[in-house]
Amino acid sequence: MSREFRAHFRCSAGCDETYPLDEVVYRCKKCGELLEVSHDMEALRSRSASEWKGLFDSRVGATQWPYGSGVWGKKEFVCPGIDDEAIVSMYEGNTNLFWAKRFGQMLGMKDLWVKMCGNSHTGSFKDLGMTVLVSMVNEMIRRGVRLDAVACASTGDTSAALAAYCAYAGIPSIVFLPSNKISVAQLVQPMANNAIVLSLDTDFDGCMRVVQEVTKNNTIYLANSMNSLRIEGQKSISIEILQQFDWEVPDVVVIPGGNLGNVSALARGFTMMHELGMMDRRPRIVLAQAERANPLYRSFLKGFSDFEPIVPGKTLASAIQIGDPVSVRKAIAALKEYDGIVEQASEEELADAAALADRTGLYACPHTGVALAALIKLVERGEIPRDARTIVISTAHGLKFSEFKIGYHQGSIGGIRSTYANKPIELPPDIDRVNETLARELSARKRA
Ligand SMILES: *Cc1c(COP(=O)(O)O)cnc(C)c1O
Ligand SMILES: [Zn+2]
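Residues numbered from 1 in each chain as written. Chains lettered and ligands numbered in written order. Predicted model: local features only at pLDDT ≥ 70, side-chain atom pairs only at ≥ 80, totals over all residues. Heavy atoms only, no water.

## Here's the deal with the coordination of the zinc ion (ligand 2)
Each pair of donors in an ideal octahedron of six around a metal sits at 90 or 180 degrees, and each pair in an ideal tetrahedron of four sits at 109.5 degrees.
Then, number 1: Listed as protein donors to the zinc ion (ligand 2) are Cys11 (SG), Cys15 (SG), Cys28 (SG) and Cys31 (SG); their distances from the metal cover 2.3 to 2.4 Å.
Then, number 2: Between consecutive donor residues of the zinc ion (ligand 2), the sequence gaps follow C-x3-C-x12-C-x2-C. Placement of the pair is Cys11 in strand S1 (residues 7-11) and Cys28 in the loop between strand S2 (18-19) and strand S3 (35-39), with a sequence separation of 17 residues. Here Cys11 and Cys28 have matching classes, each one buried. (Donors = N, O, S within 2.8 Å, 3.2 Å for Na, K, Ca; no water. Helix = DSSP H or I, 4+ residues; strand = E, 2+ residues; numbered from the N terminus. Buried < 20%, exposed > 50% of the residue type's maximum accessible area, 1.4 Å probe, protein only.)

In C-alpha cells form, the structure reads like this:
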C-alpha cells in the first residue's frame, strides 16, 4: 500500500475533539454528542475514483484474508488501521441484489431491487457492523487494553450478531433483551453462542439505559450502534449497491429504521463516495417506520423542527420497536442531506406487503415489510416515480420470524385480515380428492 490510511473518532456535533479508534469512548467528552469515525480523506484521495472502484471490484470473491468479506473488501474506507490478523469476519456482505421483477410489476415499476442484507451469517444486516466492532475489540485486547466482555441491548438481531462474532473470537459477550419482545430464533441465537443472556422486564429503550450503566466503568465494551465503529461496517451497503450497478447511482433507497444508526450509515457511505468522486449525484433516501413506533415520522411531519421520543406500541416489526432512538440527530442530518422522506406502515400494511413480496419469491421479514409498504404508499402517491431505479434494503432473513409468517398464513394475528394467506390443505391420501383439489386451486390461481 503506497500510503498509510488513517481514521479516528471525532465529535459528530463538530467539536474539535478526536480520539483513537482503540480508546474506549462512545461520546464526545466536551459536549456529550455521539462520535463518528473520521477518515483521512487526503490520503484516500491519493487514489483516483476509478482506482478505488477497480480495487473493490477485484476483491469480490477474493480468497486473500480478509478481503473476500463485503466489509473488509473496502477496508481502507471502513477501518484501515486494524491488523488483518485481528479481524473477526465471517465473510459478511456481498449479498444478492434481488431484481424484484414481479413485485415491481404489481406497482408498475421496472427497476425495483431488493438488497438482501439478511442473507448473512446470523440472518440480519447487523453482521456488517459487528464484524468491525468485534475486530476492533480483538485488536484492543491484543494491544493490552483490559476488556472483560462486550455488551449490547438489542431488539434481537444485534445480540445475535454480537454473540456469534464474540464466540468466533473467544471473547465473552453479554446481551440485554426485552422479555417477550423478540422472536424465538432471535432469543435462541445468543443462547446457542454462549452469551450471557439477560432478559429484562422492560422494552428496548429500558435495556439501552441499563447497558449504558453497565458499560460505564469501561471494562465492558458497549456494542450498540451509538458506538460508531458499527456504522462504518454498515455503510458498506451503499458501496456495494453502487458496485452491483457497475457504479451507477440509484434514484431512491428505502430502509426501515428504529434506533436510526443504519440510515445514517447508508448516507455516510454515499457521502464518502461522493467526496472521493466515485459518484456524481445523490440518491434520495426513504426511512420507513412502523406506525406504532414512529417518532421520526412524527418529527418529519413537522419538518424535523423538533423531535419527541415516544413509548412505542407493540409491532410485528419488533426489531424497530423503539421510541427513543439513540442516533436520531445523525439520522435527521442524513435525511436532510439526501432529500429524505419518512413514511410509516400500519401492522396490516407491513404484513400484507411482506406476504405479497413472498408471492414473488422473496421471504420478507416484517421490517422489510415496513420498507415495502412505505414504497407502495409513496409510489401510489407519486412521490417515487414508477421509473425510478429504487432499492429496498431487506434487513433480516424471514426465517428468523417464523411466528410472524405462520401467524399471518393461519390468520391468527389480531387486527389483521391476512388477505394473502395461503393455508396448507388437509386431505386424506385419496387420489380423486387430491385431483379435485388441485383443479380447483389451479383455476383459482389463474383467475387471480
Ligand atoms: C436493527 C434493525 C433495523 C433498524 O436499524 P436501526 O439502525 O436500528 O434503525 C431494521 N431491521 C432489522 C431487521 C434490524 O435488525
Ligand atoms: Zn462534541
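So that's the structure; there's more coming.
## Some remarks on the site of ligand 1
Then, number 1: As a matter of local geometry, ligand 1 sits amid 15 residues, with Lys126, Asp157, Gly258, Asn262 and Thr395 nearest to it.
Then, number 2: Contact distances for ligand 1 include 2.7 Å between an oxygen atom and a side-chain N or O atom of Lys126.
Then, number 3: The contact in question runs from an oxygen atom of ligand 1 to an N or O atom on the side chain of Asp157, over 2.7 Å.
Then, number 4: Taken by itself ligand 1 offers 380 Å² of open surface, and the protein chains cover 97% of this.
Then, number 5: Comparing atom positions with the cavity grids shows ligand 1 to sit within the largest cavity.
Then, number 6: Classifying every residue of the shell around ligand 1 by side-chain character gives six nonpolar, seven polar and two charged. (Near = heavy atom within 4 Å. Polar contact = N/O pair within 3.5 Å; in protein donor to acceptor, adjacent residues only side chain to side chain. Areas by Shrake-Rupley, 256 points an atom, 1.4 Å probe, with all protein chains shown as cover. 1 Å grid on protein atoms, 1.4 Å probe; cavity = no way out; pocket = protein on both sides within 12 Å on 5 of 7 lines; lining within 4 Å. Sits in = over half its atoms within 2 Å of the grid points. Nonpolar A, V, L, I, M, F, W, Y, C, P; charged D, E, K, R; others polar.)

## What to know about the sheet that holds S3
Whenever strands of a sheet pair, they do so through backbone hydrogen bonds, lying parallel or antiparallel.
Then, number 1: In space, the three strands of this open sheet follow the order S2-S1-S3, with antiparallel pairing throughout. Pairing within the sheet leaves two strands with one partner each, and these edge strands are S2 and S3.
Then, number 2: When S1 meets S3, the two strands line up antiparallel, connected through five bridges. Bridging across to S3, His8 finds its partner in Ser38. (Pairing = 2+ DSSP bridges.)

## Digging into the layout of surface pockets
Then, number 1: In this model, the largest pocket occupies a volume close to 440 Å³.
Then, number 2: What lines the largest pocket is a set of 19 residues, among which Arg10, Glu36, Arg268, Thr271 and Glu337 lie closest to the centre.
Then, number 3: Tallying contributions element by element places helix H11 (residues 261-275) first for the lining of the largest pocket, with six residues.
Then, number 4: Across the lining of the largest pocket, the residue classes break down as seven nonpolar, five polar and seven charged.
Then, number 5: Lining the second largest pocket are 19 residues; nearest its centre among them are Lys314, Thr315, Leu316, Ser318 and Phe404.
Then, number 6: Here the lining of the second largest pocket is built from residues that sort into seven nonpolar, seven polar and five charged. (Points joined across faces, edges and corners; volume = space filled by probe spheres on them.)

## Let's talk about the pairing of strand S6 (residues 149-153)
Then, number 1: The buried fraction of S6 amounts to five of the five residues, a majority that puts the element mostly inside the structure.
Then, number 2: Here S6 shows no split at all, with Ala149, Ala151 and Ala153 on one side and Val150 and Cys152 on the other all buried.
Then, number 3: Relative to strand S9 (residues 220-222), S6 is paired through three bridges, and the arrangement is parallel. The residue of S9 that forms the bridge with Ala151 is Leu222.
Then, number 4: Taken together, the four bridges between S6 and strand S7 (residues 173-178) define a ladder with parallel strand orientation. Each residue of the ladder has a partner; that of Val150, found in S7, is Ser173.

## Remarks on the packing of aromatic side chains
Then, number 1: Throughout the structure, instances matching the rule amount to 10 aromatic pairs.
Then, number 2: Ring centres 5.7 Å apart and planes at 35 degrees place the aromatic pair Trp52 and Phe56 in the tilted group. Of the two residues, Trp52 and Phe56 both sit in helix H2 (residues 49-59), four residues apart, roughly one turn of that helix. Side by side, Trp52 and Phe56 carry an identical accessibility label, which is buried.
Then, number 3: When the centroid spacing of 4.9 Å and the interplanar angle of 85 degrees are considered together, the rings of Phe56 and Phe77 count as edge-to-face. Linking Phe56 in helix H2 with Phe77 in helix H3 (residues 75-78), this pair joins segments that are 21 residues apart in sequence. Like Phe56, the residue Phe77 is buried in the burial classification.
Then, number 4: Taken together through their ring pairs, the aromatic side chains of Phe5, Trp52, Phe56 and Phe77 make up a single cluster.
Then, number 5: One Lys or Arg, Arg389, reaches over the ring of Phe245 and ends 4.1 Å from the middle of that ring.
Then, number 6: We note Lys405 situated over the ring of Tyr363; from NZ or CZ to the ring centre the distance is 4.7 Å. (Phe/Tyr/Trp six-rings, centres within 6.5 Å; stacked < 30°, edge-to-face > 60°. Lys NZ or Arg CZ within 6 Å of the ring centre and 35° of its normal.)

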